Amino acid sequence: MMRKVIAMMVMLVATLSLHAQKFALVDMDYIFKNIPAYERANEQLNQISKKWQAEVEAIQIEAQTLYKNYQNEVVFLSQEQKKARQDAIVAKEKEAADLKKKYFGPEGELFKKRTALMTPIQEEVYNAVKDIADLRGYQLVLDRASDTGIIFGSPKVDISNEVLSKLGYSN
């Protein structure tokens, strides 16, 4: 809530200071949805994510099975056997957690893959927006798809289709 209030105040100050300046809007969601390479990259990331999630879940299920078996047999086990089984359960749970971190952690494989696939496309779009802004003299280009507090944006100042055309995609 506070973030939105601050964003609205910043937007108000920016709007007042832009009295004589030119600005435009883009809809980055719309642009990316109309770039086939971006959609393919997203689909590839979804497939990889599902595959890796299945690997993590398989190990988690192994850990759960070890634990259930342990619970069913605990009364028949010696102290050494109990300790060995507990250690095996903990090791399997750690294996699942480590694999999850490796794939999905902040610096994990999915992050690296997303960066490798998406950054070139995002940079290409950014450069197209920048070129159009420079050509037309826009001092500010806002993304109407982000949560910036834009309540209304006239289609007259939306350059999304122009960005797509500059990138070679017609709409």
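Residues numbered from 1 in each chain as written. Predicted model: local features only at pLDDT ≥ 70, side-chain atom pairs only at ≥ 80, totals over all residues. Heavy atoms only, no water.

Right, let's get into the environment of Asn42. Mapped onto the elements, Asn42 comes out in helix 3 (residues 36–73). Note on Asn42: relative accessible area 27%, which makes it partly exposed. When the C-alpha positions of Asn42 and Leu117 are compared, they lie 8.6 Å apart, and in sequence the two are 75 residues distant. (Helix = DSSP H or I, 4+ residues; strand = E, 2+ residues; numbered from the N terminus. Buried < 20%, exposed > 50% of the residue type's maximum accessible area, 1.4 Å probe, protein only.)

Okay, helix 5 (residues 109–136) next. A rise of 1.5 Å per residue sets the reference length of helix 5, with its 28 residues, at 40 Å; its end C-alpha atoms lie 40 Å apart and thus fit the reference within 8%. The largest bend in helix 5 is about 40°, located at Met118, with the proline Pro120 one to four residues further on. When helix 5 is considered as a whole, its buried residues turn out to be Leu110, Met118, Ile121, Val125, Ala128, Val129, Ile132 and Ala133. Of the residues flanking the end of helix 5, it is Gly137, one or two places downstream, whose phi is positive at about 80°. (Expected span 1.5 Å × (residues − 1). Bend = angle between axes of the 7 residues up to and from the residue.)

With that settled, the discussion passes to the packing of helix 3 against helix 4 (residues 79–104). Each pair of packed helices can be described by the angle between their axes along with the distance between the axes. Here helix 3 crosses helix 4 at 165°, and the two axes come no closer than 9 Å. If you check the angle between helix 3 and helix 4, you find them roughly antiparallel. The chirality of how helix 3 crosses helix 4 is left-handed. The residue inventory of the contact of helix 3 with helix 4, partitioned by class, reads 13 nonpolar, 5 polar and 9 charged. (Axes fitted to C-alpha atoms, helices over the stretch in contact; angles between N-to-C directions. Parallel < 35°, antiparallel > 145°, perpendicular 65-115°, else oblique. Left-handed = near helix turned anticlockwise from the far one by under 90°. Nonpolar A, V, L, I, M, F, W, Y, C, P; charged D, E, K, R; others polar.)

This brings us to the nonpolar core. General note: in soluble globular proteins, nonpolar side chains tend to be found buried as a group. Counting 29 residues, the largest nonpolar core has Val26, Ile31, Phe32, Ile35, Val125, Ile159 and Val163 as the members making the most contacts within it. Sort the elements by how many residues they give to this core and helix 5 lands first, with 8 residues. Leaving out residues up to four positions away in the same chain, Ile159 has contacts with Ala24, Leu25, Val26, Ile132, Arg136, Tyr138 and Val141. (Core = buried A, V, L, I, M, F, W, Y, C linked by side-chain atoms within 4.5 Å. Contact = heavy atoms within 4.5 Å.)

Applying the stated rule across the entire model yields 10 salt bridges. We note a salt bridge from Glu73 to Arg85, for which the minimum N-O separation is 2.5 Å. Linking Glu73 in helix 3 with Arg85 in helix 4, this pair joins segments that are 12 residues apart in sequence. A salt bridge links Asp131 to Lys166; the shortest N-O distance between them is 3.9 Å. (Salt bridge = Lys/Arg side-chain N within 4 Å of Asp/Glu carboxyl O.)

Below, the discussion takes up the packing of helix 3 against helix 5. Closest axis-to-axis distance for the helix 3/helix 5 pair is 10 Å, and the angle between their directions is 175°. In terms of axis orientation, helix 3 runs roughly antiparallel to helix 5. On the side of helix 3, the interface is formed by Ala37, Tyr38, Ala41, Asn42, Gln44, Leu45, Ile48, Ser49 and Trp52, while helix 5 contributes Glu109, Leu110, Lys113, Arg114, Leu117, Met118, Ile121 and Gln122. Considering only residue class, the contact of helix 3 with helix 5 consists of 10 nonpolar, 4 polar and 3 charged.

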